Amino acid sequence: MMIDRVAADKLILALPSKGRLGDASESFFGRAGLRIYKPNRRQYTATIPSLPRAEVVYQRPRDILGKVGEGRVDIGITGYDILAEYGSETEDVIIIEKLGFGRCELLLAVPDSWIDVTSIADLADLSLRHHERGKQLRIATKYGNLTKGFMYRQGISQFLLVHADGAMEAAPRMGYADMIADLSETGTTLRENHLRPIDGGAILASQAVLIGNRRSLRESSAKLETLREMIELIEAHRRASRFVSLRANIRGDSLADVQRRILANPALSGSKGPGVVAVASPQGAAEKWFETNLLVPSDLIHKTMRHLRDLGGTDIIVMRPNYVFDEKSETYERFESLLSGDGDVDL
């Protein structure tokens, strides 16, 4: 697919055009407040209404790496496996962020009938036996570079790679390969095709990554500003998943009294301490009330609630924030250091 020329200061984002990685990418952006608008599912372009200076194009994951490498698009989401397999061909590509979804592993898998092959050491012995008989161990894969490098690092040099696209799980049964090296998320497809991974045969752990073209981004301050907004929203949304906000009303003599009692347990007094304000009580009320607001790690919800309750707290409300911004964006600062540097893709 040809990518139309757009305004020079627009940030062009490439997303996977279909499959689980494509669906997960759109959901990921949507949760971060960056909803992607595509009025027709057959379209290969889209917009992000909250980022008017960005445009989305859809490509295959393998093509996304190539387009980012060429500078035809500025940033894109692809699999780390693709970057590791072909990244040496694209010196201008940098990893902006590992995104935490689309997790899978590139594994060596053998037929269930190979009862004597359960580990990488067993596979090395089998490879030598094949070689002694004038044969070669045939491995079907589309990850030739990664598989070859891994096998060599394990001291296995007698094997033949058979390039395969599509459902390579059928390769051993069809007879054009002895085993496979392929991505697996849950292992279900392997089991359904009477294959199993071997101990020590994990070649690579993969996930979705946001990549960018160092050269094209360096040349446009407008693109960098749009990218910064995108990165900070994504980072703050991911950070927010680790926290909850607790609000409670607490009786007390004064602001200082309530603050002192909450801070008596530092682990349960909020990430930077409690925010405490006076509650406007009805005229003539016998008790003084104060509202506190704490930002705490999600796994401390119940302990913090008990702490506030023990202090006389009531009306305790727990809310999950959409965003938690830190004083600076570590992701963007790391990206800036990569942008100013030189060298190959950061693997």
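Up top you'll find the structure we're talking about.
Throughout, a residue's number is its position along its own chain's written sequence, starting from 1. Confidence filtering applies because this is a predicted model: local features only for residues at pLDDT of at least 70, side-chain atom pairs given and counted only at 80 or more, and all residues used for totals across whole chains, interfaces and linings. Side-chain metrics rest on all non-hydrogen atoms present in the structure, leaving aside hydrogens and water.

Undergrad: So, the sheet that holds strand E1 (residues 11-16): which residues are in play, and what are the values?
TA: Read from one edge of the open sheet, six strands run E2-E3-E1-E4-E11-E5, paired in mixed fashion. Edge positions in the open sheet fall to strand E2 (45-47) and strand E5 (93-98), since each of these has one partner strand only. Direction aside, neighbouring strands of the sheet carry axes that sit 30° apart on average. Here, strands pair whenever DSSP counts at least two bridges between them. The way it works is that DSSP assigns letters per residue, a run of H or I at least four long becomes a helix, a run of E at least two long becomes a strand, and they are numbered from the N terminus. Here three bridges tie E2 to strand E3 (residues 54-59), and the two strands are oriented antiparallel to one another. Residue pairing across strands places Thr47 opposite Glu55, the latter belonging to E3. What makes two residues a contact is simply this: any of their non-hydrogen atoms within 4.5 Å. The convention used is that axes are lines fitted to C-alpha atoms, helices contributing only their stretch in contact, and that angles between N-to-C directions extend from 0 to 180 degrees. Helix-sheet contacts for helix H1 (residues 19-31) involve E1, E3, strand E4 (75-79) and strand E11 (208-213), and the interaxial angle to E1 is about 135°.

Undergrad: Can you lay out helix H2 (residues 61-70) for me, pointing to particular residues and giving the numbers?
TA: Where H2 is concerned, the buried positions are Ile64, Leu65, Lys67, Val68 and Gly69. Phi turns positive one or two residues past the end of H2, at Gly71, with a value near 85°. The buried label goes to any residue with under 20% of its type's maximum accessible area, the exposed label to any with over 50%, and the partly exposed label to all in between, with areas taken from a 1.4 Å probe on protein chains only.

Undergrad: Run through the packing of H1 against helix H9 (residues 221-240), naming residues and quoting values.
TA: The geometry of H1 relative to H9 is characterised by a closest axis approach of 9 Å and an angle of 85° between their N-to-C directions. Put simply, H1 runs roughly perpendicular to H9. Judged by residue contacts, Phe28, Phe29 and Arg31 of H1 engage Met230, Ile234, His237 and Arg238 from H9. Classification convention: Asp, Glu, Lys, Arg as charged; Ala, Val, Leu, Ile, Met, Phe, Trp, Tyr, Cys, Pro as nonpolar; all other residues, Gly among them, as polar. The class makeup of the residues in the contact of H1 with H9 is four nonpolar, one polar and two charged. Should an angle fall under 35 degrees it is called roughly parallel, over 145 degrees roughly antiparallel, and 65 to 115 degrees roughly perpendicular, with every other angle called oblique.

Undergrad: Mind laying out unusual backbone geometry, listing which residues take part and the relevant values?
TA: Comment: phi is negative for the bulk of residues other than glycine, and the bulk of peptide bonds are trans. Its identity as a non-glycine residue notwithstanding, His194 has a phi of 60°, on the positive side. Judged by its relative accessible area of 42%, His194 falls in the partly exposed class. Backbone geometry at Asp315 places phi at a positive 50°, although glycine is not the residue there. Structurally, the position occupied by Asp315 is in strand E15 (residues 314-319).

Undergrad: Residue-level account of the packing of aromatic side chains, with values.
TA: When two rings of Phe, Tyr or Trp (its six-membered ring) have centres within 6.5 Å they constitute a pair, described as stacked for plane angles under 30 degrees, edge-to-face for angles over 60, and tilted for the intermediate range. Counted under the stated rule, the structure contains five aromatic pairs. Judged by centre distance (6.0 Å) and plane angle (90°), the ring pair of Phe28 and Phe29 falls under edge-to-face. Overall, the relative accessible area of 1% leaves Phe29 in the buried class. Taking the centre distance of 5.7 Å and the plane angle of 55° together, the rings of Tyr152 and Phe159 count as tilted. You can call Phe159 buried: its relative accessible area is 9%. An aromatic cluster is present here, built from Phe28, Phe29 and Phe101 joined pairwise through their rings. In this analysis the charged atom, NZ for Lys or CZ for Arg, is taken to sit over a ring once it is within 6 Å of the ring centre and within 35 degrees of the ring normal. A cation over an aromatic ring shows up here: Lys38 above the ring of Tyr58, its NZ or CZ 3.9 Å from the ring centre.

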